[in-house]
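Structural overview for review
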Amino acid sequence: MRRTVEVAADRGALMEAGASAFVAAARAAIGAHGRFVTALSGGSTPRALFELLATERFASSVDWSRVHVCWGDERAVPSNYRMAREALLDHVPIPASQVHRIRGEDPPQVAAEAYERTLRTLFATPVGPPRPEPGARFDLVLLGMGDNGHTASLFPGLHAVREAERWVVAESVAEVGMWRITLTPVVLNAAAEVVFLVAGADKAAMLHRVLDGPVRPDALPAQMVAPHDGRLRWLVDTNAAARLEDR
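Fair warning: this is a prediction, and the values are worked out from it, not measured in the lab. (Residues numbered from 1 in each chain as written. Predicted model: local features only at pLDDT ≥ 70, side-chain atom pairs only at ≥ 80, totals over all residues. Heavy atoms only, no water.)

**Concerning the sheet that holds strand β8 (residues 193–198)**
Selection rule: Criterion used throughout: strands pair if DSSP finds at least two bridges between them. Where helices and strands are cited, they refer to DSSP runs of H or I of at least four residues and of E of at least two residues respectively, numbered from the N terminus. Between the N-to-C directions of two axes lies an angle of 0 to 180 degrees, each axis being a line fitted to C-alpha atoms and, for a helix, fitted only over the stretch in contact.
Read across the open sheet, the six strands follow the order β1-β9-β8-β5-β2-β3; overall the sheet is parallel. The sheet terminates laterally at β1 (2–8) and β3 (67–71), the two strands that pair on one side only. With direction set aside, neighbouring strand axes in the sheet form an average angle of 20°. Both β8 and strand β9 (residues 231–237) contribute to a ladder of six bridges, which runs parallel. When the bridges of β9 are listed, L197 appears paired with L235.

**Structural notes on the sheet that holds strand β6 (residues 168–173)**
Formally: Whether two residues touch is decided by their heavy atoms; if any such pair falls within 4.5 Å, the residues are in contact.
The three strands lie next to each other as β4-β7-β6, forming an open sheet whose pairing is antiparallel. Edge positions in the sheet fall to β4 (73–75) and β6, since each of these pairs with one other strand and no more. Taking each pair of neighbouring strands and ignoring which way they run, the sheet shows an average axis angle of 20°. Here helix α5 (residues 108–122) sits on the sheet in contact with β6 and β7 (178–183), set at roughly 155° to β6.

**Some details on the environment of Q223**
If you trace the backbone, Q223 turns up in the loop between α7 (204–212) and β9. Remark: the alpha-carbon pair of Q223 and Y115, spanning 108 residues in sequence, is separated by 24 Å. Setting aside anything within four residues of it in sequence, one finds Q223 in contact with R209, V210, G213, P214, V215, R216 and P217.

**Describing the pairing of β6**
Regular strands have side chains that alternate between both faces of the sheet. Just so we agree on the cut-off: Any residue under 20% of the maximum accessible area for its type is buried, any over 50% is exposed, and the rest in between are partly exposed; the area is computed with a 1.4 Å probe on protein chains only.
Among the six residues in β6, five count as buried, and that is most of the element. Where β6 meets β7, six bridges bridge the pair, whose relative direction is antiparallel. Looking across to β7, one finds that V169 is bridged to T182. Remark: four residues form the turn of the hairpin made by β6 and β7, two consecutive strands paired antiparallel; G177 in that turn has positive phi of roughly 70°.

**Details of the nonpolar core**
We count it as follows: In plain words, nonpolar cores are sets of buried Ala, Val, Leu, Ile, Met, Phe, Trp, Tyr and Cys residues tied together by side-chain atoms within 4.5 Å.
By size, the foremost hydrophobic cluster in this structure holds 83 residues, and its most contacted members are F50, F138, F196 and W234. In this view, F50 contacts L40, S41, M83, A84, A87, L88 and L142; residues no more than four positions away in its chain are not counted.

**Points about the environment of M83**
With respect to the element layout, M83 can be found in helix α4 (residues 79–87). Placed 42 residues apart in sequence, M83 and S41 show a C-alpha to C-alpha distance of 10.0 Å. With near-sequence residues (within four places) excluded, M83 lies in contact with S41, G42, G43, P46, R47 and F50.

Okay, here's the thing in structure tokens:
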């Protein structure tokens, strides 16, 4: 795994860096194997990124007819999908058949099993782990990090963090009082590139623990993300990076 930490001057510069990373990954994947498959994150931070990607400056640089969009996680209602659709997908010419959402309105276990089937079909891998081949894994996964160290819907102390076979699981998360459906480390760590976007002073202490502290992924699930045949990038703003030991 190749890991880098890149510090942007402010939140605006962070979104610019994220949008540039998305466009670069899309162009590289399409050029190499004809399509770009990405998993989007939810939460408040990526909305500004999606809105930026929808502008002419960035949207015109992507061949959206060759883009497939998936999600890293979803709540028991399709809120992450709705946010991405309103901020980005409604504004770019991506075919509807290439938008692969998690059906959060379905029973959680049913939704998780259905989404795993969707991903296995998309990557032509009916059984077993994702294959480290172009077109058989995510080209780019976008993730955020909560102030408790969770990412996607991998929450501290829950089974999903240690899942070793299933690509998608559903768990009831007492901390937020709801069911979540999430990609597991099985598929996240098979990605060609994973980009974390982290902004704000409220994330500084946790970012320091995740990046500089001892590896305790059950308590700090973001540490579980370590692509075994890919690249890991942390894009953070100066406020989030304030306590990092090596900037």
